[in-house]
Amino acid sequence: MIIGFTIIAVLVLWGVTVRRRLVGMNENVNHAMKQIGVQLSSLFDALAALLNLTKEYAANECNILIETIKSRRSVISVVSTPEDVIAQEKMISEILGRISMISEQYPELKANGNYTKCMNAIENYEKMLRTSRLIYNDHVTRLNRELRLFPTSLLVGIFGFQEREYLEATDETDMPIIR
């Protein structure tokens, strides 16, 4: 009887320990996705500042880009998927490409000190976003590995954990750093 209670107590303690570890790993993945959202939001803010500056030179084109941002921008949160992040990055990349084309038409815009500051800010946010993506993928790797390992895999279904998707970079989603 004592042996039976001991075995049950050990199994319960093991289950609690596994659950706590998985919750912590899941929270790390969620936090990493939130960081990506923060970086994307900052990048959008810098992009909006750049568009406002560019508006003086090409008002019609910039108004279209500003409306595009307003209509298609979404907040990246814990429930966001890698596809949501990729869609936002793709939109930023397209807008940066269009701003680059506008700046080529107006050399005085490229010579403007505020333009240079905005571009430097965008470049810094892009670097931080890349770092955030690496951190996210690292946490997803750890969580997914833990979910697949025996004996933890025995409790995954009971606790309701699922493997998470990676943020995979493609040529289309790698944002260009323009000058």
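Before reading on, note that the structure itself is shown above.
If you're wondering where the values come from, they're calculated on a predicted model, not measured in any experiment.

A. The packing of helix α1 (residues 2–55) against helix α5 (residues 113–148), seen in detail. Here α1 crosses α5 at 165°, and the two axes come no closer than 8 Å. Compared by their axis directions, α1 and α5 come out roughly antiparallel. As for the relative orientation of α1 and α5, their crossing is left-handed in sense. For the contact of α1 with α5, the residue count by class is 26 nonpolar, eight polar and five charged.

B. Looking closely at a negative patch on the surface. A surface patch of negative charge is lined by Glu-83, Asp-84, Glu-165 and Glu-168. Note on placement: Asp-84 falls in helix α3 (residues 82–105). When its relative accessible area of 33% is taken as the criterion, Asp-84 is described as partly exposed.

C. Structural context of the side chain of Ser-132. Within the secondary structure layout, Ser-132 lies in helix α5. Judged by relative accessible area, Ser-132 falls into the buried class, the value being 9%. Sequence-distant contacts of Ser-132, defined by excluding residues within four places in its chain, comprise Gln-35, Ile-36 and Gln-39.

D. Local environment of unusual backbone geometry. In the segment running from Phe-150 into Pro-151, the intervening peptide bond is cis, with an omega of 10°. By secondary structure assignment, the location of Pro-151 is in the loop between α5 and α6 (153–159).

E. Seen up close, α5. The terminal C-alpha atoms of α5, which comprises 36 residues, lie 53 Å apart, in line with the 52 Å expected from a rise of 1.5 Å per residue. Between the side-chain oxygen of the N-cap and the backbone nitrogen of Asn-114 there are 2.8 Å, and the N-cap of α5 in question is Asn-112.

Rules of the game
Residues numbered from 1 in each chain as written. Predicted model: local features only at pLDDT ≥ 70, side-chain atom pairs only at ≥ 80, totals over all residues. Heavy atoms only, no water. Axes fitted to C-alpha atoms, helices over the stretch in contact; angles between N-to-C directions. Helix = DSSP H or I, 4+ residues; strand = E, 2+ residues; numbered from the N terminus. Parallel < 35°, antiparallel > 145°, perpendicular 65-115°, else oblique. Left-handed = near helix turned anticlockwise from the far one by under 90°. Nonpolar A, V, L, I, M, F, W, Y, C, P; charged D, E, K, R; others polar. Patch = residues over 30% accessible without salt bridge, like charges linked within 9 Å, V, L, I, M, F, W, Y side chains within 5 Å. Areas by Shrake-Rupley, 256 points an atom, 1.4 Å probe, with all protein chains shown as cover. Salt bridge = Lys/Arg side-chain N within 4 Å of Asp/Glu carboxyl O. Lys, Arg positive; Asp, Glu negative; His and termini not counted. Charge placed at Lys NZ, Arg CZ, Asp CG, Glu CD. Buried < 20%, exposed > 50% of the residue type's maximum accessible area, 1.4 Å probe, protein only. Contact = heavy atoms within 4.5 Å. Expected span 1.5 Å × (residues − 1). Polar contact = N/O pair within 3.5 Å; in protein donor to acceptor, adjacent residues only side chain to side chain.

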